[in-house]
Amino acid sequence: MVEKYRHLYVVTEIEQGKLLTVSKEMIGEARRLIDGFNQKYSLKEKVVAIVLGNNIKELSKELIEIGADSVIYCDHPQLEEIRNTIYTKVICQIANDKETGGKIEPEYAENFRRPRYMFFAADSIGRHLSSTVLAELDSGLASDINQLVIEDIEMSHQQKTGGSKETYEKTLEMYRPDFSGFLWTTILCLDNRNPAFKRDYHPQACSIIPGVFESLEPDSKREGQVIEFVPQIDEQDLKVKVISREIIQSEVDFETPRTIVSFGRGIKDDPEKNIKLVEQLAKELNAEIGITLPMSKKPYSISQSLDSKYMIPDRVIGTSGHKTSAMLYIASGVSGAMQHVWGMKDSGFVVAINPDEDAPIKDECDIFIKGRMEDVLPLLIEEIKKQIQIVEA
Ligand SMILES: Cc1cc2nc3c(=O)[nH]c(=O)nc-3n(C[C@H](O)[C@H](O)[C@H](O)COP(=O)(O)OP(=O)(O)OC[C@H]3O[C@@H](n4cnc5c(N)ncnc54)[C@H](O)[C@@H]3O)c2cc1C
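Residues numbered from 1 in each chain as written. Predicted model: local features only at pLDDT ≥ 70, side-chain atom pairs only at ≥ 80, totals over all residues. Heavy atoms only, no water.

A.B. asks: Before we move on, could you go through the pattern of salt bridges and cite the residues and values that matter?
C.D. replies: Under the definition given, this model contains 34 salt bridges. Among the salt bridges present, the one from Arg245 reaches Glu81, with a minimum N-O distance of 3.4 Å. Remark: Glu81 occurs in the loop between β5 (70-75) and α3 (84-96) and Arg245 occurs in the loop between β12 (225-228) and β13 (259-263); sequence separation between them is 164 residues. Its relative accessible area of 24% is what places Glu81 among the partly exposed residues. Among the salt bridges present, the one from Asp234 reaches Lys89, with a minimum N-O distance of 3.0 Å. In this pair, Asp234 sits in the loop between β12 and β13 while Lys89 sits in helix α3, placing the two residues 145 residues apart along the sequence. For Asp234, a relative accessible area of 37% corresponds to the partly exposed category. (Salt bridge = Lys/Arg side-chain N within 4 Å of Asp/Glu carboxyl O. Helix = DSSP H or I, 4+ residues; strand = E, 2+ residues; numbered from the N terminus. Buried < 20%, exposed > 50% of the residue type's maximum accessible area, 1.4 Å probe, protein only.)

Here you go:
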């Protein structure tokens, strides 16, 4: 059977002319997956990087050095700034363009219809873009993925297969952490083979959590193919204008290895008081304050001064926020969901304060203090003050 879906397209992102780290990580993972895929199925499918922007052709070389076989670049002044409408349109044009797809593997140019798989970054731009692109392409999307496997699977399903057993070859199994990261969900994007609703769902696509996969070391000897794509842009696609753009530098510093005191939903019994205790402890230790993701959604009512200072996305530790390698990390009222742990697991020494001995954070810390933060933090602050006095005396 000649297959009409081929290759893995990776939609990369750039910032100030440079590839984002997550884009490099996606290319690295795409390379590993496609190498295994080609070996398993004796095929010659490719890792195809897509890059959009203005004066970005030069990035093609770098993309090839880090693992892409082919780069489809689209250079246009109107693509200088990322705007969802126009980016969605151009990426869909690329995915649907048989001529461009045919150039990647001329042997199969006749049959090429669309990419087999597609990757986006699970950052704010990629999450938005992946949803609009896949809606336009009328296929499925799994978001926030952190593990990928390609397998042949057998299944019978009332809707998808009309109840009979079918083999779905080369299926991308997309894993994501769910239910606070305590359960893994496998998401599949399968063609509908039920005669009553027959239709294809390709590409199989996902957005990938930054920091999960490793990029490859650049190899200047790697060779690849560079394809220019000329987009069709209409006036009506350009209704959104970017008047000015400013990158706001964060005032939160998680980069310098130091102490971080973080808090989570465990503040719930007395949010205002507990945040003030965290603030006091951080002051004594000259520490930065981190939070868990739910805290950034302002779940409890506290005074505006505290909520706008601490319950902000910029302070989130974890896959949706920052990764830290603090010397000392104090997790107070934090359960230890895998998305949070990813952001703090490289810390030198970890102290957790939690009344629940079964909380997963217990497995991630050096010292577990069983207790409520409102009881433990005042004792800790008092003791630290004493110790500082002794050291300074
Ligand atoms: C795609 C995706 C991405 C995500 N990204 C992130 C991320 O980057 N960062 C992140 O943090 N989360 C992230 N999450 C959410 C994550 O899965 C968890 O839901 C979240 O980390 C839990 O936050 P928590 O520990 O504050 O709350 P909970 O899980 O509700 O834990 C609260 C803890 O407080 C303890 N507690 C209760 N009372 C007290 C008290 N008086 N004193 C002390 N402790 C007490 C409880 O025993 C419990 O262990 C993500 C989820 C998804 C699906």
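Back to the text.
A.B. asks: Can you tell me about the domain arrangement of the protein chain, naming the residues and giving the values?
C.D. replies: If you check the domain split of the protein chain, you get domain 1 (5-238) and domain 2 (259-392). Across the boundary between the two partners, domain 1 contributes 11 residues, which contact 10 residues of domain 2. Buried surface at the junction of domain 1 and domain 2, both sides included, amounts to about 690 Å², of which 61% is carbon and sulfur. Linking domain 1 with domain 2 are zero salt bridges. Applying the counting rule to domain 1 against domain 2 returns one residue pair in polar contact (both at pLDDT 80 or more). Considered class by class, the residues forming the side of domain 1 that touches domain 2 number six nonpolar, four polar and one charged. (Domains from an automatic or database assignment. Contact = heavy atoms within 4.5 Å. Buried area = accessible area lost by both parts, 1.4 Å probe. Polar contact = N/O pair within 3.5 Å; in protein donor to acceptor, adjacent residues only side chain to side chain. Nonpolar A, V, L, I, M, F, W, Y, C, P; charged D, E, K, R; others polar.)

A.B. asks: Would you mind going over the pairing of strand β1 (residues 5-11) in detail, with residue names and values included?
C.D. replies: Most of β1 is tucked away, with seven of its seven residues classed as buried. Of the pairings in the sheet, the one linking β1 to strand β6 (residues 114-121) comprises five bridges and is parallel in character. Paired with Tyr5 across the strands is Arg114, a residue of β6. Inspection of the sheet shows β1 paired to strand β4 (residues 47-53) by four bridges, in the parallel sense. Paired with Tyr9 across the strands is Val48, a residue of β4. (Pairing = 2+ DSSP bridges.)

A.B. asks: I'd like a description of the side chain of Asn192, backed by residues and values.
C.D. replies: Secondary-structure assignment places Asn192 in the loop between β10 (183-187) and β11 (204-208). For Asn192, a relative accessible area of 5% translates into the label buried. For Asn192, the side chain forms a polar contact with the main-chain nitrogen of Asn194, separated by 3.2 Å. Discounting residues that sit within four places of it in the chain, Asn192 has contacts with Gln159, Lys160, Phe197, Lys198, Arg199 and Tyr201.

A.B. asks: Explain helix α9 (residues 373-392) to me, using residue names and the numbers behind them.
C.D. replies: The end-to-end C-alpha distance of α9 is 27 Å, a good match for the 28 Å that 20 residues give at a rise of 1.5 Å each. In the core, the buried residues of α9 are packed alongside β13, α6 (271-285), β15 (328-332), β16 (349-354) and β17 (367-370). (Expected span 1.5 Å × (residues − 1).)

A.B. asks: Residue-level account of unusual backbone geometry, with values.
C.D. replies: Note that the residue after His202, namely Pro203, is joined by a cis bond; omega there is 0°. Secondary-structure assignment places Pro203 in the loop between β10 and β11. Positive phi outside glycine occurs at Ser42, with the angle close to 50°. Here Ser42 is to be found in the loop between α1 (21-41) and β4. Overall, the relative accessible area of 65% leaves Ser42 in the exposed class. The phi angle at Asp138 is positive, at roughly 60°, despite the residue not being glycine. With respect to the helices and strands, Asp138 occurs in the loop between α5 (124-137) and β7 (141-145). On the basis of relative accessible area, Asp138 is assigned to the partly exposed category, the value being 44%.

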